[in-house]
Structures are given as structure tokens and as C-alpha cells.
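Observations on chain architecture
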Amino acid sequence: MSQSITPRQRALFVVFLLALFPAGNALQPRMDEDTWWHLAVGKYVVEQRHVPSEDPFSRISQEERLPWVAYSWLHEIALYGAYQLAGLPGVLAFRHLLDSLTFFTVAWFVLRQSGGSVIALAVLALVTLTLVPMMLERPWHYTIVLTTLTIHATLEWRSGERAWKFWWLMPAFALWANLHIQFVLGFGVMGLGLCVTLVERYWWAPKTAPTLQRLLPWTILLVACFLATFLNPYHYRLYVVVWEYATQTGALRVVSELAPPDFHLRNWWNWALLGLLLWAVYESLQSPVRLFEAALLVVAAVLSLRMQRDIWFGAIVAAAVITRCRRPADPVSLPIPGLIVAILAGILLTRIVWHIGPGVDRSAEQVNREQY
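Quick summary incoming for the structure in this document. Each chain carries its own residue numbering, running from 1 in the direction its sequence is written. Since the coordinates come from a predicted model, pLDDT governs what is reported: local features require at least 70, and pairs of side-chain atoms require 80 or more to be given and counted, while whole-chain, interface and lining totals use all residues. With hydrogens and water stripped out, all remaining heavy atoms of the structure feed into the side-chain values.

1. Some words on the overall build of the chain
- Helix numbers and strand numbers start at the N terminus; a helix is a DSSP run of H or I with at least 4 residues, a strand a run of E with at least 2. Helices and strands together make up the secondary structure of the chain, namely 16 helices and 0 strands.
- Here's how the labels work: a residue is buried when its accessible area is under 20% of the maximum for its type, exposed when over 50%, partly exposed in between, all with a 1.4 Å probe on protein chains only. Looking at the 372 residues of the chain, the share that counts as buried comes to 48%.
- Contact between two residues is taken to exist if any of their heavy atoms lie within 4.5 Å; hydrogens are not considered. When contacts within the chain are restricted to residue pairs at least 6 apart in sequence, those whose partners lie at least 24 apart make up 79%.
- Shrake-Rupley sampling with a 1.4 Å probe provides the accessible areas, and residues are treated as covered by the protein chains on show and by no other component. Total accessible area computed for the chain in this model is approximately 18500 Å², and 66% of it derives from carbon and sulfur atoms.

2. Things to note about the pattern of salt bridges
- Only one rule defines a salt bridge in this text: a Lys or Arg side-chain nitrogen within 4 Å of an Asp or Glu carboxyl oxygen. Taken as a whole, this structure holds 7 salt bridges when the rule is applied.
- Between Arg138 and Asp32 there is a salt bridge, and its shortest N-O distance comes to 2.9 Å. Of the two residues, Arg138 sits in the loop between helix H6 (118-131) and helix H7 (140-158) while Asp32 sits in the loop between helix H1 (7-26) and helix H2 (33-48), which places them 106 residues apart along the sequence.
- Across the pair Arg290 and Glu293 runs a salt bridge, and its minimum N-O distance is 4.0 Å.
- When its relative accessible area of 33% is taken as the criterion, Arg290 is described as partly exposed.
- Accessibility expressed as a relative area gives 8% for Glu293, which makes it buried.
- Look at the salt bridges and you will find they share partners, linking Asp32, Asp34 and Arg138 into a network.

3. Observations regarding H6
- For a helix, the expected span equals 1.5 Å multiplied by the residue count minus one. Helix length check: H6 (14 residues) gives 20 Å between terminal C-alpha atoms against 20 Å at 1.5 Å per residue, within 8%.
- Where H6 is concerned, the buried positions are Ala120, Leu121, Val123, Leu124, Val127, Thr128, Thr130 and Leu131.
- The inward-facing, buried residues of H6 contact H1, helix H5 (88-111), H7, helix H12 (269-286) and helix H14 (311-325).

4. A few points about the environment of Phe226
- Position of Phe226 among the secondary structure elements: in helix H10 (residues 212-228).
- Measuring from C-alpha to C-alpha, the distance between Phe226 and Phe183 comes to 9.9 Å, with 43 residues separating the pair along the chain.
- Ignoring any residue separated from it by four or fewer positions in sequence, one finds Phe226 in contact with Phe187 and Tyr239.

5. Here we look at the packing of H6 against H14
- Viewed as axis vectors pointing N to C, H6 and H14 meet at an angle of 175 degrees, and their least axial separation amounts to 9 Å. Overall, the two elements H6 and H14 adopt an arrangement that is roughly antiparallel. Only Ile311, Trp312, Ala315, Ile316, Ala319, Ile322 and Thr323 of H14 make contact with H6, whose side of the interface consists of Ile119, Ala120, Val123, Val127, Thr130 and Leu131.
- Think of it as three bins: nonpolar holds Ala, Val, Leu, Ile, Met, Phe, Trp, Tyr, Cys and Pro, charged holds Asp, Glu, Lys and Arg, and polar takes everything else, Gly as well. Residues of the contact of H6 with H14, tallied by class, amount to 11 nonpolar, 2 polar and no charged. For helices, the fitted line uses only the C-alpha atoms of the stretch in contact; every axis is such a line through C-alpha atoms, and the angle between N-to-C directions lies from 0 to 180 degrees. For classification purposes, angles smaller than 35 degrees are called roughly parallel, those larger than 145 roughly antiparallel, those between 65 and 115 roughly perpendicular, and all remaining angles oblique.

Encoded structure:
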């Protein structure tokens, strides 16, 4: 006798279906153009046993000894290690790992207290579509994962959790600073949470805002995370690069991923971002004012509509706003093992289909030799 499907089972089945997107993209044998650069840097660090302080590859840098910071050096070592183990198939496997980690984190964040509601599943589907162009072997995966976790920590702290519960942010930021330069997004989220809370405390809603006894530990945690980012081979010089990226905008005109998202049909995932942002605005207007969520949504919308590479940020913040406005009265968390099994099942299915499909006799080496 058949039994009715529970919300949890339905949610895990939808997660399995959505996992086919990143899993299928990870099977594409063509490498991203920047992969070769990351492999070269990883090889240099492994062979020379130190990170470069000058660009070791360009002729101009060798003549003029221009300073240079390999801010993703730890990712590049891992990528080169995968290449050493299995060649380009090893890089593809590493891409699988990064894609799966990103999708798992986002799925957990969106569904963690939804109980498998249809609204949360629809939100996750739209967020997954915006992640499609990000499913490459690039270090921005670490920023997507850790920014999502930082948003979660900030929301939970503002909801009443103790700041010390999120002590893991300190080692996370130390690791993040060695993986990707966009770790400053995490500071932006934490700092915005602190600033908005101060505004609420002294002007907006002093009766309901957190007390100063709760603000102090979060401030200490924010400072500790900042100090942890100096645990990198370049120390303060990493922030020089951050400042240069923030002030030198010439690259925005020549690098496609730094250009604003367009809404042509070929870039259909940008429409998913627009839908999420409009949905989040609508939900915000239907609910009592949540100052932090509103401020974060404005910042995320500006960043994601300014730069194609950051559309994921707008999508995840919009998802947080929608799911919090539509949170069920008795939220139920989805089991993490179930999420992992659903994602692994998606990976397994795509691999089976890939190997029985046409054209699989062309290896990654052949495809990339033809492309490059």
C-alpha cells in the first residue's frame, strides 16, 4: 500500500533533481580559461616552496620586478595537487567537489528550517539557476560557502543566539584569506549586522534591540576575525590588493565576468536573480520591517546587479529574506545526511548518463587541446 510523501521526502527529492545541474556542469571536459593560470601558480608554489612576491610569469614583471600577491595560493596548491594525481580528470573531480560543497551549503541554508515547504523549494530552484555559471573550478566557491555561513551566523546572532557560538568564524576567516580575496564580503555582512543593531538600539527600536552586553561579544568576534585574516603569507599586503580592486575600476570595462549582468536569453540565469530580488522586495513589503534584512538586500542587489560574478550574493540574500518572511510556525530542519545522499545520487546519475551517452570517447585532454 502506497504511503503519502512527507514534506521532507519531497524536499530531498527536489534537492536530488536540482543537484543534477551542478553535477552535470561539472562533467563538461572543457577547462575554464583561468584554470591554467591557477595551475601554473600552484606548480610554482609547490616547486619553489614559497609563494611569489613578484609575478614570475610575465616578461615585464621580470624586468621591472613588479610586486604581486597570489591571494588564492592555497586553492592553487589544491588544484595542482588534483592535477598531479590524475591529470585533467583530477581537475574535473576537484570541480565536482567544489560544486557539490557549494550546492550543499546553499541547499542547507535555504531549507534548514523550512520543513520542506513548497516556497523554500521554489526559492532553492531559483538560487540553483543563478549558480549555474559559477560551477567551475574557481576559488569563488569558498567565498560563496563562507559568505552563506556568515549570513547564517549573523542572522542567528540577531535572533538571540550568543556570539560565542560562532567562534568557528575566526579559523574560517583565517582559511578564507588564503583561498580568495573576497573574504571582505564576510566582514561586510558581520559589520552591517553590528551597525544596524546599533541603529536599532539608539534610534530605531531601542526597546527590542539587543542589549550592549550582547553587542560587545559580537564586536570582539568581528575584530578577532579581522586579525585572523593576517595569518597569510602576505599579511597586511593582502589588504593593499583589496584596496586596489575597490579603487581601480578599469578592469570592469574589459573583463566580462566583472561587467553588469545582462538579460539576454543566452544568460537566462540572470532572470532567476531578478525574480528572486523582486520576490524578496515583495515579501519585505508584506511583513513588518526587518531593518537588517532590508539593508542587506539593498547592498546585495547593488553588488549583484553591478557585477556578473556576484549574482550569487544577491540570490542568496534574497533567499534568506523570502524564507525568513515565509518561515513556518513550527520550523523543522532537514537531515544533513539526507541532503548529502540526495546530492551524491545526483552526481551518480549524471555520471551514468554521461558514460552511456554519445561523444564520451573524447577525453578531457583532447577537448582542451582542441580549444586551447
